[in-house]
Amino acid sequence: METSTPTDITEVDKRSIRDLVLQAHNAQTDARKLPTLHADGVVIVNVVGRRLLGRTSFEDAMAVALASPLKDITTTVDIVDIRLVAPDTAIVSCIKTIHDGRSASESALVPSSTGALTYVLIRSGNSWQIAVAQTTPILA
(Lines give C-alpha, C1' and ligand atoms only; values in the text may rest on other atoms or scores of the structure.)
Protein backbone atom coordinates (compact mmCIF):
# COMPACT_ATOMS: atom_id res chain seq x y z
CA MET A 1 0.00 0.00 0.00
CA GLU A 2 1.31 3.41 -0.97
CA THR A 3 0.96 6.40 1.29
CA SER A 4 1.22 10.01 0.29
CA THR A 5 2.57 13.02 2.10
CA PRO A 6 0.20 15.95 2.54
CA THR A 7 1.00 18.94 0.38
CA ASP A 8 2.85 21.73 2.19
CA ILE A 9 0.58 24.60 3.15
CA THR A 10 1.70 28.20 2.92
CA GLU A 11 1.20 30.77 5.67
CA VAL A 12 -0.99 32.73 3.22
CA ASP A 13 -3.27 29.70 2.78
CA LYS A 14 -3.38 29.09 6.54
CA ARG A 15 -4.42 32.70 7.16
CA SER A 16 -7.01 32.56 4.39
CA ILE A 17 -8.45 29.30 5.74
CA ARG A 18 -8.53 30.60 9.32
CA ASP A 19 -10.27 33.72 8.03
CA LEU A 20 -12.90 31.61 6.22
CA VAL A 21 -13.62 29.62 9.41
CA LEU A 22 -13.90 32.89 11.35
CA GLN A 23 -16.23 34.36 8.72
CA ALA A 24 -18.41 31.24 8.94
CA HIS A 25 -18.51 31.59 12.73
CA ASN A 26 -19.42 35.29 12.56
CA ALA A 27 -22.16 34.62 9.98
CA GLN A 28 -23.77 31.64 11.75
CA THR A 29 -27.04 33.54 12.17
CA ASP A 30 -26.84 35.40 8.85
CA ALA A 31 -28.91 33.46 6.30
CA ARG A 32 -27.60 35.63 3.47
CA LYS A 33 -23.86 35.62 4.24
CA LEU A 34 -23.16 32.11 5.55
CA PRO A 35 -24.28 30.19 2.43
CA THR A 36 -22.01 32.35 0.22
CA LEU A 37 -19.01 30.89 2.03
CA HIS A 38 -19.99 27.44 0.76
CA ALA A 39 -19.55 25.84 -2.67
CA ASP A 40 -22.66 25.36 -4.81
CA GLY A 41 -22.49 21.60 -4.34
CA VAL A 42 -21.77 21.69 -0.59
CA VAL A 43 -22.60 18.68 1.57
CA ILE A 44 -23.39 19.40 5.21
CA VAL A 45 -24.09 16.86 7.95
CA ASN A 46 -24.98 18.52 11.23
CA VAL A 47 -24.55 17.26 14.79
CA VAL A 48 -27.92 15.46 14.76
CA GLY A 49 -27.19 13.74 11.44
CA ARG A 50 -29.27 15.90 9.10
CA ARG A 51 -27.71 15.90 5.64
CA LEU A 52 -28.08 18.89 3.32
CA LEU A 53 -27.07 18.60 -0.32
CA GLY A 54 -26.27 21.81 -2.16
CA ARG A 55 -26.21 25.48 -1.27
CA THR A 56 -29.91 26.00 -2.05
CA SER A 57 -30.87 23.23 0.38
CA PHE A 58 -28.63 24.84 2.99
CA GLU A 59 -30.18 28.28 2.41
CA ASP A 60 -33.69 26.85 2.78
CA ALA A 61 -32.84 24.91 5.96
CA MET A 62 -31.11 27.91 7.47
CA ALA A 63 -34.10 30.19 6.84
CA VAL A 64 -36.42 27.68 8.54
CA ALA A 65 -34.03 27.20 11.49
CA LEU A 66 -33.59 30.93 12.09
CA ALA A 67 -37.38 31.34 12.20
CA SER A 68 -37.64 28.67 14.91
CA PRO A 69 -36.24 28.08 18.43
CA LEU A 70 -33.10 26.72 16.69
CA LYS A 71 -32.07 30.38 16.34
CA ASP A 72 -31.10 30.16 20.01
CA ILE A 73 -28.33 27.64 19.30
CA THR A 74 -24.91 29.14 18.60
CA THR A 75 -21.51 27.54 18.28
CA THR A 76 -17.86 28.32 18.70
CA VAL A 77 -15.21 26.58 16.64
CA ASP A 78 -11.58 25.93 17.55
CA ILE A 79 -9.27 24.81 14.75
CA VAL A 80 -7.14 21.80 15.69
CA ASP A 81 -5.37 21.14 12.37
CA ILE A 82 -5.20 22.43 8.81
CA ARG A 83 -3.68 20.37 6.04
CA LEU A 84 -3.66 20.36 2.27
CA VAL A 85 -4.43 17.01 0.73
CA ALA A 86 -4.08 18.39 -2.80
CA PRO A 87 -3.02 21.83 -4.04
CA ASP A 88 -6.64 23.09 -4.08
CA THR A 89 -8.16 20.93 -1.31
CA ALA A 90 -7.75 21.42 2.43
CA ILE A 91 -9.08 19.51 5.41
CA VAL A 92 -9.69 21.53 8.56
CA SER A 93 -10.20 19.61 11.81
CA CYS A 94 -12.05 21.53 14.52
CA ILE A 95 -13.79 21.18 17.84
CA LYS A 96 -17.26 22.73 17.80
CA THR A 97 -18.83 23.80 21.09
CA ILE A 98 -22.61 24.08 21.02
CA HIS A 99 -24.28 26.75 23.15
CA ASP A 100 -27.96 25.86 23.37
CA GLY A 101 -30.06 28.75 24.63
CA ARG A 102 -33.35 26.89 24.30
CA SER A 103 -35.40 25.41 27.12
CA ALA A 104 -34.15 22.22 28.81
CA SER A 105 -36.73 20.02 27.07
CA GLU A 106 -35.80 21.39 23.64
CA SER A 107 -32.05 21.23 24.21
CA ALA A 108 -32.28 17.55 25.18
CA LEU A 109 -32.63 16.87 21.43
CA VAL A 110 -28.97 17.81 20.79
CA PRO A 111 -26.84 14.70 21.48
CA SER A 112 -23.79 16.53 22.83
CA SER A 113 -22.46 19.96 23.64
CA THR A 114 -19.29 19.34 21.63
CA GLY A 115 -18.58 17.89 18.23
CA ALA A 116 -15.68 17.00 15.99
CA LEU A 117 -16.18 19.30 13.01
CA THR A 118 -14.40 18.53 9.78
CA TYR A 119 -14.39 20.94 6.87
CA VAL A 120 -13.25 20.04 3.38
CA LEU A 121 -12.36 23.26 1.61
CA ILE A 122 -11.75 23.88 -2.06
CA ARG A 123 -9.81 26.72 -3.58
CA SER A 124 -11.91 29.06 -5.68
CA GLY A 125 -9.63 31.53 -7.42
CA ASN A 126 -7.59 33.18 -4.68
CA SER A 127 -9.95 32.22 -1.85
CA TRP A 128 -11.42 29.11 -0.25
CA GLN A 129 -14.97 27.75 0.00
CA ILE A 130 -16.51 25.11 2.23
CA ALA A 131 -17.33 22.00 0.17
CA VAL A 132 -18.12 19.64 3.05
CA ALA A 133 -18.96 20.27 6.71
CA GLN A 134 -19.46 17.21 8.94
CA THR A 135 -20.04 17.39 12.69
CA THR A 136 -19.82 14.23 14.77
CA PRO A 137 -21.01 14.42 18.39
CA ILE A 138 -18.36 13.90 21.04
CA LEU A 139 -20.12 11.95 23.79
CA ALA A 140 -19.06 12.49 27.40
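Rules behind the numbers
Residues numbered from 1 in each chain as written. Predicted model: local features only at pLDDT ≥ 70, side-chain atom pairs only at ≥ 80, totals over all residues. Heavy atoms only, no water. Helix = DSSP H or I, 4+ residues; strand = E, 2+ residues; numbered from the N terminus. Buried < 20%, exposed > 50% of the residue type's maximum accessible area, 1.4 Å probe, protein only. Pairing = 2+ DSSP bridges. Axes fitted to C-alpha atoms, helices over the stretch in contact; angles between N-to-C directions. Expected span 1.5 Å × (residues − 1). Contact = heavy atoms within 4.5 Å. Salt bridge = Lys/Arg side-chain N within 4 Å of Asp/Glu carboxyl O. Polar contact = N/O pair within 3.5 Å; in protein donor to acceptor, adjacent residues only side chain to side chain.

Trainee: Honestly, the overall build of the protein in this entry has me stumped. Any pointers?
Mentor: The number of helices and strands found in the protein is four helices and six strands. Sorting the 140 residues of the protein into buried and exposed places 31% on the buried side.

Trainee: For this particular structure, what's the right way to read the sheet that holds strand β6 (residues 127–137)?
Mentor: In a beta sheet, neighbouring strands are held together by backbone hydrogen bonds and run either parallel or antiparallel to one another. In spatial order, the strands read β2-β1-β6-β5-β4-β3; together these six strands make up an open sheet with mixed pairing. Each of the sheet's edge strands pairs with one partner strand only, and the pair in question is β2 (51–53) and β3 (73–86). Sheet twist, expressed as the mean angle between neighbouring strand axes with direction ignored, is 20 degrees. Two elements, strand β5 (residues 114–124) and β6, share 10 bridges in a ladder whose sense is antiparallel.

Trainee: It is not clear to me how helix α3 (residues 55–66) should be interpreted in this structure. Could you clarify?
Mentor: An α-helical turn contains 3.6 residues, so a residue and the one three or four places further along point in the same direction. Taking 1.5 Å of rise per residue, the 12 residues of α3 would be expected to cover 16 Å, and the 16 Å separating its terminal C-alpha atoms lies within 8% of that figure. On the buried face of α3, the contacting elements are α2 (33–36), β1 (38–45), β2 and β6.

Trainee: What am I meant to see in the pairing of strand β4 (residues 89–100) here?
Mentor: Within a regular strand, side chains alternate between the sheet's two faces. Sheet topology note: the β3/β4 ladder contains 12 bridges and is antiparallel. Its bridge partner lying in β4, Ala86 is registered against Thr89. Here β3 folds back onto β4, and the loop between the two strands holds two residues. In terms of strand pairing, β4 meets β5 through nine bridges, oriented antiparallel. Residue pairing across strands places Ile91 opposite Val120, the latter belonging to β5.

Trainee: Hey, could you run me through the pattern of salt bridges in this one?
Mentor: Pairing between side chains of opposite charge can happen when their charged atoms approach one another. Counted according to the given criterion, the structure contains five salt bridges. Among the salt bridges present, the one from Glu11 reaches Lys14, with a minimum N-O distance of 3.6 Å. Separated by three residues within a single helix, Glu11 and Lys14 lie in helix α1 (residues 11–26), roughly one turn from each other. Within the structure, one salt-bridge network assembled from shared partners comprises Asp13, Asp88 and Arg123.

Trainee: What's the story with α1 in this structure? I'm lost.
Mentor: Helix length check: α1, at 16 residues, gives a terminal C-alpha distance of 22 Å against a target of 22 Å (1.5 Å per residue), a fit within 8%. Buried residues along α1 sit against α2, β3, β4, β5 and β6.

Trainee: What should I look at first to understand the side chain of Thr135 in this one?
Mentor: Assignment of secondary structure puts Thr135 in strand β6. Within polar-contact distance, the side chain of Thr135 engages the side chain of Lys96 at 3.5 Å. The residues contacting Thr135, other than those within four sequence positions of it, are Val45, Asn46, Val47, Lys96, Gly115, Ala116 and Leu117.

Trainee: Any chance you could explain the environment of Phe58 here in plain terms?
Mentor: Relative to the assigned elements, Phe58 resides in helix α3. A sequence separation of 14 residues divides Phe58 from Ile44, and the C-alpha atoms of the two residues are 7.9 Å apart.

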